[in-house]
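Chain by chain, the residues run as shown.
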Amino acid sequence: MAGVFGRWWGKVSPYYTKAYQEMWIGVGIMTYLYYKVSYGGKKAVDSSAHAVKSAPSHATKPAESAAPKAAAAAAAVAAASPVVVVGDVTMNDILQRQHKNLILEERKLNLEIEKLELEKAKLMK
């Protein structure tokens, strides 16, 4: 594995160390901004760390089927989980947004499948 990394680093190191040095300043600034937005500083990290309590991993059952049971499980988790406030967004809001995004992604994939099936039908004629 070290040999693979060494060969890769030998090829890309001029880009990371010489050509694109200014990139690292941007990476550092974006990392700092992400930390401040996500955690809101030390006080928010300390208060939210004590507020979060998770159920033991052996208490949950594995999912048996895909979409309907996953939606029901997400709703149950959202209802049962303690409200953890990070800025103005609660854990419930985050779970609802993730659920909506998953539904939209599933719809997009279904439309893409339909398009591909239509193209396949056209080619078969």
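The coordinates are above.
Residues numbered from 1 in each chain as written. Predicted model: local features only at pLDDT ≥ 70, side-chain atom pairs only at ≥ 80, totals over all residues. Heavy atoms only, no water.

## Observations concerning the overall build of the protein
Next up, step 1: From N to C terminus, the protein includes five helices and two strands.
Next up, step 2: The buried share of the protein, taken over its 125 residues, is 6%.
Next up, step 3: For the protein, the computed accessible surface area is about 11,100 Å², with 65% contributed by carbon and sulfur atoms. (Helix = DSSP H or I, 4+ residues; strand = E, 2+ residues; numbered from the N terminus. Buried < 20%, exposed > 50% of the residue type's maximum accessible area, 1.4 Å probe, protein only. Areas by Shrake-Rupley, 256 points an atom, 1.4 Å probe, with all protein chains shown as cover.)

## Observations regarding the packing of aromatic side chains
Next up, step 1: The final tally for this structure, using the stated rule, is three aromatic pairs.
Next up, step 2: Note on phenylalanine 5 and tryptophan 9: the rings are 6.4 Å apart at their centroids and 10° apart in plane angle, and the pair reads as stacked. Of this pair, phenylalanine 5 and tryptophan 9 both sit in helix H1 (residues 2–19), four residues apart, roughly one helical turn.
Next up, step 3: Relative to tryptophan 9, the ring of tryptophan 8 lies with its centre 5.9 Å away and its plane at 45°, an arrangement referred to as tilted.
Next up, step 4: Aromatic ring contacts, followed pair by pair, group Phe5, Trp8 and Trp9 into a single cluster. (Phe/Tyr/Trp six-rings, centres within 6.5 Å; stacked < 30°, edge-to-face > 60°.)

## A few points about helix H2 (residues 22–39)
Next up, step 1: Its 18 residues give H2 an end-to-end C-alpha distance of 26 Å, which sits within 8% of 26 Å, the value for a rise of 1.5 Å per residue.
Next up, step 2: Phi turns positive, to about 65°, at glycine 40, one or two residues after H2. (Expected span 1.5 Å × (residues − 1).)

## Structural notes on a nonpolar patch on the surface
Next up, step 1: On the surface, Phe5, Trp8, Trp9, Tyr15, Tyr16, Tyr20, Met23, Trp24 and Val27 cluster together into a nonpolar patch covering about 920 Å² of accessible area.
Next up, step 2: Contributing elements (two or more residues each) for the nonpolar patch: H1 and H2.
Next up, step 3: In this fold, tryptophan 8 is placed in helix H1.
Next up, step 4: Exposure remark for tryptophan 8: the relative accessible area of 41% places this residue in the partly exposed category. (Patch = residues over 30% accessible without salt bridge, like charges linked within 9 Å, V, L, I, M, F, W, Y side chains within 5 Å. Salt bridge = Lys/Arg side-chain N within 4 Å of Asp/Glu carboxyl O.)

## Details of the environment of tryptophan 9
Next up, step 1: Overall, the relative accessible area of 35% leaves tryptophan 9 in the partly exposed class.
Next up, step 2: Not counting residues up to four positions away in its chain, the partners in contact with tryptophan 9 are Tyr16 and Thr17. (Contact = heavy atoms within 4.5 Å.)

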